[in-house]
Amino acid sequence: DTGVSQNPRHKITKRGQNVTFRCDPISEHNRLYWYRQTLGQGPEFLTYFQNEAQLEKSRLLSDRFSAERPKGSFSTLEIQRTEQGDSAMYLCASSARQGSYGYTFGSGTRLTVV
Amino acid sequence: QQQVKQSPQSLIVQKGGISIINCAYENTAFDYFPWYQQFPGKGPALLIAIRPDVSEKKEGRFTISFNKSAKQFSLHIMDSQPGDSATYFCAAMRREYQGAQKLVFGQGTRLTINP
């Protein structure tokens, strides 16, 4: 499978717990994005990596959120002290290079905070 | 702030009919306008995209019409089929060579094609 892979697909956690999601982009893609999608809304940009460097973060990404992309390959998104408002679909996407504007999205991780 | 407004929120079309979804944007710096199709439990998939130097782009049954002066663009699905039933998102991007190339999405349209 050469698509963008996200794990887990679903996560249910209690409020206050920490969660971590993983994204494996298409192998030759150097750009990686995280988006958040709440029910009935379009995805919203969270953060962007070019190779291993995190170059931009949205103000939606509070201090409880941290993302990494060690070695410019897979990426992780961690949410600390989860809140009910964090319940959403977290989408990862990758694209090949500057001048290529078509993202490939993964199927997402659906987080439910109870 | 809502930079891309999409309508309608939901749409029901008979099989074989034309589905039309409209979007309007505010930021004139946007210069790439894609449409995404999303099925339940899946991520959005790129359907078709247009740049503002053309007024129309057609790929199979899917056509984007673009009106730069009105800052509006629309998706037309000809001969709509039950398999087209999905949520459709318009989006906009500013193609920054060194920048993040963030997509700004509309709110989505849930399309149902009745057989």
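Here's the deal with the sheet that holds strand β3 (residues 19-24) of chain A
All names here are of chain A.
Here is step 1: Reading across from one edge, β1-β3-β8-β7 is the order of the four strands in this open sheet, with antiparallel pairing throughout. Edge positions in the sheet fall to β1 (5-7) and β7 (65-68), since each of these pairs with one other strand and no more. Strand after strand, the sheet turns through a mean of 15° between neighbouring axes, direction not considered.
Here is step 2: Relative to β3, β1 runs antiparallel, the two being bridged by three bridges. Paired with Gln 6 across the strands is Cys 23, a residue of β3.

Quick notes on the sheet that holds strand β7 (residues 62-67) of chain B
Residues and elements named next belong to chain B.
Here is step 1: The five strands are arranged β1-β3-β8-β7-β6 in an open sheet whose pairing can be described as antiparallel. Edge strands, defined here as strands with exactly one partner in the open sheet, are β1 (4-7) and β6 (56-59). Adjacent strand axes in the sheet meet at a mean angle of 15° when their direction is disregarded.
Here is step 2: Here β7 runs beside strand β8 (residues 72-77); their pairing, made up of six bridges, is antiparallel. Within β8, the position partnered with Thr 63 by the bridge is His 76.

Here's the deal with the interface of chain A and chain B
Here is step 1: Listed by partner, the interface residues are 22 residues for chain A and 22 residues for chain B.
Here is step 2: Between chain A and chain B the total buried area reaches about 1,900 Å² when both faces are included, carbon and sulfur atoms providing 50% of it.
Here is step 3: Joining chain A to chain B, the criterion identifies one salt bridge.
Here is step 4: Among the ionic pairs, B:Lys102 bridges to A:Glu56, the shortest N-O distance being 2.5 Å.
Here is step 5: Our count for the contact surface shared by chain A and chain B stands at six residue pairs in polar contact (both at pLDDT 80 or more).
Here is step 6: At the level of elements, β4 (31-37) and β5 (44-50) of chain A are the ones that each hand at least two residues to the side of chain A that touches chain B.
Here is step 7: In terms of residues, the side of chain A that touches chain B owes the most to one element, β4(A), which gives four residues.

Observations concerning the state of the cysteines
Residues and elements named next belong to chain B.
Here is step 1: Applying the stated criterion across every chain yields a total of two disulfides over all chains.
Here is step 2: One disulfide in the model links Cys 23 with Cys 90; its S-S distance is 1.8 Å. The sign of the -90° torsion about the S-S bond sets the Cys 23-Cys 90 disulfide as left-handed. A residue pair is termed long-range when its members are at least 10 positions apart, and Cys 23 in strand β3 (residues 19-25) and Cys 90 in strand β9 (residues 86-93) qualify at 67 residues.

Calculation criteria
- Residues numbered from 1 in each chain as written.
- Chains lettered and ligands numbered in written order.
- Predicted model: local features only at pLDDT ≥ 70, side-chain atom pairs only at ≥ 80, totals over all residues.
- Heavy atoms only, no water.
- Pairing = 2+ DSSP bridges.
- Helix = DSSP H or I, 4+ residues; strand = E, 2+ residues; numbered from the N terminus.
- Axes fitted to C-alpha atoms, helices over the stretch in contact; angles between N-to-C directions.
- Contact = heavy atoms within 4.5 Å.
- Buried area = accessible area lost by both parts, 1.4 Å probe.
- Salt bridge = Lys/Arg side-chain N within 4 Å of Asp/Glu carboxyl O.
- Polar contact = N/O pair within 3.5 Å; in protein donor to acceptor, adjacent residues only side chain to side chain.
- Disulfide = S-S within 2.5 Å.

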